[in-house]
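Residues per chain are reported as follows:
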Amino acid sequence: MRAARDAGRRVKRLVLVRHGESLWNAEGRIQGQQCAGLSDIGRTQAEVTARVLAVAYPAAELVASDLQRTMETARPLAEALGREAVPNPGLRERHFGIWEGRLRSEVTNGDAARWERWLTGEDVINEVGGESAEQLGDRVDPVLRQLLAVTSESGVMVAVTHGGPVWHGTHRLLGLSVPTLGGVSNASITEFLQIPDGRILLDRWNQVAHLPLDLRATWRPSVTASDAPPVGR
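Residues numbered from 1 in each chain as written. Predicted model: local features only at pLDDT ≥ 70, side-chain atom pairs only at ≥ 80, totals over all residues. Heavy atoms only, no water.

Asks: Account for the sheet that holds strand β1 (residues 12–18), naming residues and giving values.
Replies: Here we have 6 strands laid out as an open sheet, ordered β3-β2-β4-β1-β5-β6, and mixed in their pairing. A single partner strand is all that each edge strand has here, and the edge strands are β3 (86–87) and β6 (200–207). One ladder, built from 4 bridges, connects strand β2 (residues 61–64) with strand β4 (residues 156–161); its direction is parallel. Counted as the bridge partner of Ala64 is Val160 from β4. Sheet contacts for helix α4 (residues 68–81): β1, β2, β3 and β4; angle to β2, the most-contacted strand, approximately 165 degrees. Its contacts with the sheet place helix α8 (residues 163–174) against β1, β4, β5 (189–194) and β6, and it is angled at close to 150 degrees to β6. (Pairing = 2+ DSSP bridges. Helix = DSSP H or I, 4+ residues; strand = E, 2+ residues; numbered from the N terminus. Contact = heavy atoms within 4.5 Å. Axes fitted to C-alpha atoms, helices over the stretch in contact; angles between N-to-C directions.)

Asks: If you had to explain helix α3 (residues 40–56) to someone new, which residues and values would you point to?
Replies: Owing to its 3.6 residues per turn, the α-helix brings residues three or four apart onto one side. Between the first and last C-alpha of α3 there are 25 Å, a value that for 17 residues agrees with the 24 Å anticipated at 1.5 Å per step. Against β1, α4, β4, β5 and β6 lie the buried residues of α3. (Expected span 1.5 Å × (residues − 1).)

Asks: Residue-level account of unusual backbone geometry, with values.
Replies: With an omega of -5 degrees, the peptide bond between Val178 and Pro179 qualifies as cis. Here Pro179 is to be found in the loop between α8 and β5. The backbone of Ala187 sits at a positive phi, close to 60 degrees, despite the residue not being glycine. Positionally, Ala187 belongs in the loop between α8 and β5. Residue Ala187 is classed as buried on the basis of its relative accessible area of 1%. (Buried < 20%, exposed > 50% of the residue type's maximum accessible area, 1.4 Å probe, protein only.)

Below, the structure is given as structure tokens:
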């Protein structure tokens, strides 16, 4: 019994939070590593998520992608925890090349054949000057593992990031075939446990129960075999 209690105390937690709704999410623009910050809904999502996480994990460490929408999402949690969010460029969203900043409707009409290939599972992003799925996974996986490595025993690390890193990072950490999991919602919480023997377990995925119904995204894109969607809300 004591051994079980001791093992429980040594469990590490890595909590991934996707940023709140951005202005470009609301407009249906492909963001990638460009952005224009959070919408009013996104700021409210961030505030609600911060209150919940600060109560659950008052001693958590906090890191965030250095892009505007993630730093804005992390701000109320940083204030609640009384600590700064440490920016980490390795947590940035996937780069979508020349698609970045364009409306989804512009790409579906102006680059229709390639967009259709994307939706049917072909990884075409390197053709438009962006990161391939493999490149994104190679970038994100070691970042998440390093965050777990520097988390103290029984400690919690909260990382505010993007849909692509959450999706690809989870598949990589757990050794899942692509695609196993569904899309990643704005202000959703995905949580991993690392137990004393080093194994990484998924505790919760894309959880939005902390958000009131009117703050939950209603638009749900289909996940392709090559990626989580680049323009999902």
